[in-house]
Amino acid sequence: MGTVTDRRMNDNNRSAPNLADYESVRQGFVWPTPEEAFSRRADAPGCFNIGYEATDRHVAAGRGRRVALRSIAANGLATTLTYARLAEDSARFANVLADLGIVAGDRVFTLLGRVPALYIAALGTWKRGAVFSPLFSAFGPEPIKARMQIAEAKALVTTARFFERKVKPVLADLPSLKTIILVCGGDGGVDFDAALAGRPTTCHIAPTRADDLAVIHFTSGTTGRPKGAMHVHGAAVAHKLTAAYALDLKPDDIFWCTADPGWVTGTSYGIIAPLLIGCTLVSDEEEFDAERWYGNLERDRVTVWYTAPTAVRMLMKAGDDLPRRYDLSRLRLIASVGEPLNPQAVIWGRDVLKRPIHDNWWQTETGGIMISNFLSMPIRPGSMGRPVPGIEAAVVRREASGAMTFVETPNEQGELALKAGWPSMFTGYLHEEKRYRQCFVDGWYLTGDLVRRDADGYYWFVGRADDVIKSAGHLIGPFEVESALLEHPAVAEAGVIGIPDPVAMEVVKAFVALRPGHTTDESLRKDLLAHARKRLGPAVAPRYIEFCKSLPKTRSGKVMRRLLKARELGLPEGDTSMLEVEK
Ligand code: AMP
């Protein structure tokens, strides 16, 4: 499909991109220290705190009256918070935490939609020196319980409705959870607004260092429980620089990141990076709606828009006439992440939205964008782009011995590896040192993604090397879904895979073998779907369930999801030497 150049970059009323000359910046790039990238705080030498850098630093520099957040409520009304107000409210929240006995290092969870309280809670948590861990509000009680148990959650900020439906059923299993803060009040917790109202608007900013823990983001693997990827305050150096380079963010931008802060994109680029840069962040509490989204872009005069392929595909489905009714002329960059972006979507963006879509790649563990189609270079539709300055990427092969070899031939497939050491690299999986160490070989982080690199250094996504599922941009661990299904009294075995879907890319399908005495009828299928939805929430539960007599397993009893998938899709079954004889 050739290349596509983002022409408006050259409009004479636009300033040059932050990364105008990729090659020269890349050569000899050295990551700045937090003090070089941000401020040298005379009041706290050697300290570095994301909450401070995202708010108070701007106020101290005279930028307090700029709009930091425009938060659109479900009913369409927007709340606007300036940097000064966000600095004050987050300080108030830090004071609330202090009064409730939350100390540095404690884990503060949120289970909230995209409402102002979420941003205030995140920033206040960092100012307190505590660790922020966001939960996706479409999770059900089981994923919520697992994540809060692993991280020994001390406090949870949520709403009375979520608390009743999603937390109360598992509260007895969360002994560390001492403090519940309820936005808009309600029974069973401290009232968020009332608590903030009575607190001072400044706080003691915790003397965190760059290598102190700031965020725990849960992600899924093929097996085992969710993994708590740990990120430190100093990761902010990469958040700021990657947002400047890959998203071309500048202080006068109006930036809309559609990702939910329950996932890493919604935190790194939906909270941290834009506030570090000092631009205006737009958020919308409501879920996708094509007219509403175009309306947001027009009304809020969004200049940089970061979204996901599923959303782009849904916009494409809504038709080409719709966007023509809106004034999108302010939009100067559209970027996308999270799943493969079809080449057609890049072209559609160029032809219909008048901006091509710039795909980029990263994952929870990398903390920030690693590979990108930069504004200053031609886009290769279907490619994820080239490594961010400061990131050394390679295509490798893991040998059976555990050693790693580099794939040098262009376009040959292998696993994407990144040379360890960039500032937002995860510093571990909480309580899982072995799982963390297994991600590294010879100082390289192995991503689990299969890719190829063309002769010009552009990377192309091929697929995952493991069984995790990507549905509507959200990573789902099959094990978590299988475990919930196995809790149903009728289920003997469960195997879960992702099957192709034209919009969400993949949806979850479960294969289930029943215990004796249960019959495979429609009412049981509905009951199982409802059971899974109730326990896991709509974001994780299977869309389809197929009954089978037994599941293909290895001789050691592990369900062979790869085989289930091959059979479902009519693909070659590959090596089945490990297969237990099927009954
Ligand atoms: P998460 O950790 O939930 O952000 O998911 C990360 C995974 O999403 C990656 O390992 C990839 O499998 C997938 N992913 C992220 N960005 C892209 C992209 N631009 N193209 C294809 N897959 C992507």
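Residues numbered from 1 in each chain as written. Predicted model: local features only at pLDDT ≥ 70, side-chain atom pairs only at ≥ 80, totals over all residues. Heavy atoms only, no water.

K.L.:
Go over the packing of helix α3 (residues 50-60) against helix α4 (residues 83-99), please, and point to the residues and values.
P.N.:
Orientation of α3 relative to α4, taken along the N-to-C sense of each, is 130 degrees, at an axis distance of 8 Å. Between α3 and α4, the interaxial angle falls into the category oblique. Crossing hand, α3 versus α4: left-handed. Here α3 contributes Ala54, Thr55, Asp56, His58 and Val59 to the contact with α4, which in turn contributes Tyr83, Ala84, Leu86, Ala87 and Ser90. (Axes fitted to C-alpha atoms, helices over the stretch in contact; angles between N-to-C directions. Helix = DSSP H or I, 4+ residues; strand = E, 2+ residues; numbered from the N terminus. Parallel < 35°, antiparallel > 145°, perpendicular 65-115°, else oblique. Left-handed = near helix turned anticlockwise from the far one by under 90°. Contact = heavy atoms within 4.5 Å.)

K.L.:
With reference to specific residues and values, describe the sheet that holds strand β27 (residues 544-547).
P.N.:
Sheet strands pair via backbone hydrogen bonds, and the direction of the pair is either parallel or antiparallel. Spatially, the three strands line up as an open sheet ordered β25-β26-β27, and their pairing is mixed. In the strand order of this sheet, the two ends are held by β25 (491-501) and β27, each with one partner. Adjacent strand axes in the sheet meet at a mean angle of 25 degrees when their direction is disregarded. Judged from the ten bridges that link them, β25 and strand β26 (residues 505-514) form a sheet pairing that is antiparallel. When the sheet's bridge partners are listed, proline 500 is paired in β26 with glutamate 506. Together, β25, β26 and β27 form the strand contacts of helix α17 (residues 522-536), whose direction differs from that of β27 by roughly 135 degrees. The strands that helix α18 (residues 561-569) touches are β25, β26 and β27; relative to β25, the one it contacts most, it runs at about 55 degrees. (Pairing = 2+ DSSP bridges.)

K.L.:
So what's going on with unusual backbone geometry? Which residues, and what values?
P.N.:
Positive phi, close to 45 degrees, is recorded for glutamate 152, a residue that is not glycine. Judged by its relative accessible area of 40%, glutamate 152 is partly exposed. One non-glycine residue with positive phi stands out, namely asparagine 411, at about 70 degrees. What makes asparagine 411 partly exposed here is its relative accessible area of 41%. (Buried < 20%, exposed > 50% of the residue type's maximum accessible area, 1.4 Å probe, protein only.)

K.L.:
Could you give an account of helix α11 (residues 290-299), naming the residues involved and the relevant values?
P.N.:
With seven of its ten residues buried, α11 lies for the most part within the structure. Here α11 has its buried residues at Ala290, Arg292, Trp293, Tyr294, Gly295, Asn296 and Leu297. Looking at the residues trailing α11, positive phi occurs at arginine 301, about 50 degrees.

K.L.:
Quick rundown of the packing of α3 against helix α5 (residues 116-128)? Include the residues and the values.
P.N.:
Contact pair α3 / α5: the axes reach a minimum separation of 7 Å and the direction vectors enclose 120 degrees. Where α3 crosses over α5, the handedness of that crossing is left-handed. Of the residues in α5, those in contact with Ile50, Gly51, Tyr52, Ala54, Thr55 and Asp56 of α3 are Leu123, Trp126 and Lys127.

K.L.:
I'd like a rundown of the sheet that holds strand β11 (residues 280-284), residues and numbers included.
P.N.:
Strand order in the open sheet made by the nine strands is β2-β1-β11-β10-β12-β13-β14-β15-β16, with mixed pairing throughout. Two strands in the sheet have a free side with no partner beyond their single neighbour: β2 (78-82) and β16 (386-387). In this sheet, strand β14 (residues 357-361) lies alongside strand β13 (residues 333-336) in parallel orientation, the contact comprising three bridges. Note on β14: the bridge partner recorded for serine 336 is aspartate 359. Where α4 meets the sheet, its contacts fall on β1 (67-72) and β2, and the angle it forms with β2 comes to roughly 85 degrees.

K.L.:
Which residues make up the packing of aromatic side chains, and what values go with them?
P.N.:
According to the stated counting rule, one finds 25 aromatic pairs in the structure shown. Where phenylalanine 426 meets tyrosine 429, the ring centres are 5.0 Å apart and the plane angle is 55 degrees; that geometry is what we call tilted. Of the residues examined, phenylalanine 426 reaches a relative accessible area of 0% and is grouped as buried. Ring plane angle 70 degrees and centroid distance 5.4 Å describe the contact between phenylalanine 426 and tyrosine 445, whose orientation is recorded as edge-to-face. Taken as a pair, phenylalanine 426 in the loop between β19 (414-419) and α15 (433-437) and tyrosine 445 in strand β21 (residues 444-453) lie far apart in primary sequence, 19 residues in all. By the burial criterion, phenylalanine 426 is buried, and tyrosine 445 matches it. It is arginine 41 that lies over the ring of tyrosine 52; its NZ or CZ is 4.1 Å from the centre. (Phe/Tyr/Trp six-rings, centres within 6.5 Å; stacked < 30°, edge-to-face > 60°. Lys NZ or Arg CZ within 6 Å of the ring centre and 35° of its normal.)

K.L.:
Can you tell me about the pattern of salt bridges, naming the residues and giving the values?
P.N.:
Summed over the entire model, instances satisfying the criterion amount to 43 salt bridges. Where arginine 57 meets glutamate 53, a salt bridge forms, and the shortest distance between an N and an O atom there is 3.0 Å. Residue arginine 57 and its partner glutamate 53 are both found in helix α3; the two are separated by four residues, about one turn of the helix. Relative accessible area serves as the criterion here: at 12%, arginine 57 is assigned to the buried category. Residue glutamate 53 is classed as buried on the basis of its relative accessible area of 0%. In this structure, the salt-bridge partner of aspartate 173 is lysine 145, at a minimum N-O distance of 3.7 Å. You can see aspartate 173 sitting in the loop between α7 (160-167) and β6 (179-183) and its partner lysine 145 sitting in helix α6 (residues 141-150), a full 28 residues away along the chain. Classification of lysine 145 as buried rests on a relative accessible area of 17%. Connected through salt bridges with shared partners, the residues Glu142, Lys145, Asp173, Glu487 and Arg535 form a single ionic network. (Salt bridge = Lys/Arg side-chain N within 4 Å of Asp/Glu carboxyl O.)

K.L.:
So what's going on with the pairing of strand β12 (residues 304-307)? Residues and values would help.
P.N.:
Burial along β12 is two-sided: Val304 and Tyr306 facing one way and Trp305 and Thr307 facing the other are all buried. Sheet analysis places strand β10 (residues 254-257) next to β12, joined by three bridges and oriented parallel. When the sheet's bridge partners are listed, tryptophan 256 is paired in β12 with tryptophan 305.

K.L.:
Before we move on, can you summarise the site of the ligand with the specific residues and values?
P.N.:
As a matter of local geometry, the ligand sits amid 17 residues, with Asn360, Gln363, Thr364, Asp449 and Lys470 nearest to it. In the model, an oxygen atom of the ligand is placed 2.8 Å from a nitrogen or oxygen of the glutamine 363 side chain. Residue threonine 364 places a side-chain N or O atom 2.6 Å away from an oxygen atom belonging to the ligand. Expressed as a share of its isolated accessible area of 490 Å², the protein-covered part of the ligand is 96%. At the level of elements, β14 and β22 (459-464) are the ones that each hand at least two residues to the shell around the ligand. Examining the composition of the shell around the ligand, we find that three residues originate from one element, β14, more than from any other. Class assignment of the residues belonging to the shell around the ligand gives a composition of eight nonpolar, four polar and five charged. (Near = heavy atom within 4 Å. Polar contact = N/O pair within 3.5 Å; in protein donor to acceptor, adjacent residues only side chain to side chain. Areas by Shrake-Rupley, 256 points an atom, 1.4 Å probe, with all protein chains shown as cover. Nonpolar A, V, L, I, M, F, W, Y, C, P; charged D, E, K, R; others polar.)

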